Amino acid sequence: MKERIQATLRHIHEITHQEVSDHGDTAPEALSARLEETTAVLEEKIEVLSEQIASENSVATRQILREQRSALKKPLKLLREDYLPRLAKYEQQKACFGDRNSYSKTDPDATFMRMKEDHMKNG
């Protein structure tokens, strides 16, 4: 998922020409903050383009501006509806995981209990 996020950020960088640094493997909190900042920048750019479309009289110019706006809306939707919620979910799961090797998604308090000698002789 981190690789897909980096690819999306590079794509956004190409579209908006903003300064996006490539950090490779970052902490989830820092990555989440970067995504929030990028989302805010994209929202501002989309709002500016919407205002330009509303004030423009030329049909050809409006079409070009709409294409630019839709090119920004696609990664924004991906960030808002996919990456940010998944990162939040992963952070919550990691906090629940704690120092254990595994945990049950349906019962976070449950732990695996190994028997000394089981019926398969795997003790």
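Here's a quick rundown of the structure. Here the structure is a predicted model, which means the values were calculated and not measured.

Quick word on the pattern of salt bridges
Phase 1: One pass over the structure, following the stated rule, counts 2 salt bridges.
Phase 2: Note that E43 and R80 form a salt bridge whose closest N and O atoms lie 2.8 Å from each other. Residue E43 is found in helix α2 (residues 28-55), and its partner R80 is found in helix α3 (residues 59-97); the two are separated by 37 residues along the sequence.
Phase 3: Notably, a salt bridge pairs R86 with D82, separated by 3.2 Å at the nearest N-O pair. Pair noted here: R86 and D82 are both in helix α3, with a separation of 4 residues, about one helical turn.
Phase 4: The exposure class of D82 is buried, given its relative accessible area of 19%.

Thoughts on the nonpolar core
Phase 1: Counting 16 residues, the largest nonpolar core has I5, L35, L42, L72, L79, Y83 and L87 as the members making the most contacts within it.
Phase 2: Here the element with the most residues in this core is α3; it accounts for 7 residues.
Phase 3: Ignoring any residue separated from it by four or fewer positions in sequence, one finds L79 in contact with T8, I12, L35, T38, T39, L42, L84 and P85.

Observations concerning the side chain of R69
Phase 1: Secondary-structure assignment places R69 in helix α3.
Phase 2: As a buried residue without a salt bridge, R69 has its nearest oppositely charged side chain in E51, at a separation of 11 Å.
Phase 3: Those residues in contact with R69 that lie beyond four places of it in its chain are I46, L49, S50 and I53.

So, α3
An α-helix turns once per 3.6 residues; consequently, residues spaced three or four apart project the same way.
Phase 1: Here α3 contains 39 residues, and its C-alpha end-to-end distance of 55 Å stays within 8% of the 57 Å for a straight helix at 1.5 Å per residue.
Phase 2: For α3, the principal kink sits at L79 and spans about 40 degrees.
Phase 3: When α3 is considered as a whole, its buried residues turn out to be L65, R69, L72, P75, L76, L79, D82, Y83, L84 and L87.
Phase 4: Of the residues one or two after α3, G98 is the one with positive phi, at around 60 degrees.

Conventions and cut-offs
- Residues numbered from 1 in each chain as written.
- Predicted model: local features only at pLDDT ≥ 70, side-chain atom pairs only at ≥ 80, totals over all residues.
- Heavy atoms only, no water.
- Salt bridge = Lys/Arg side-chain N within 4 Å of Asp/Glu carboxyl O.
- Helix = DSSP H or I, 4+ residues; strand = E, 2+ residues; numbered from the N terminus.
- Buried < 20%, exposed > 50% of the residue type's maximum accessible area, 1.4 Å probe, protein only.
- Core = buried A, V, L, I, M, F, W, Y, C linked by side-chain atoms within 4.5 Å.
- Contact = heavy atoms within 4.5 Å.
- Lys, Arg positive; Asp, Glu negative; His and termini not counted.
- Expected span 1.5 Å × (residues − 1).
- Bend = angle between axes of the 7 residues up to and from the residue.

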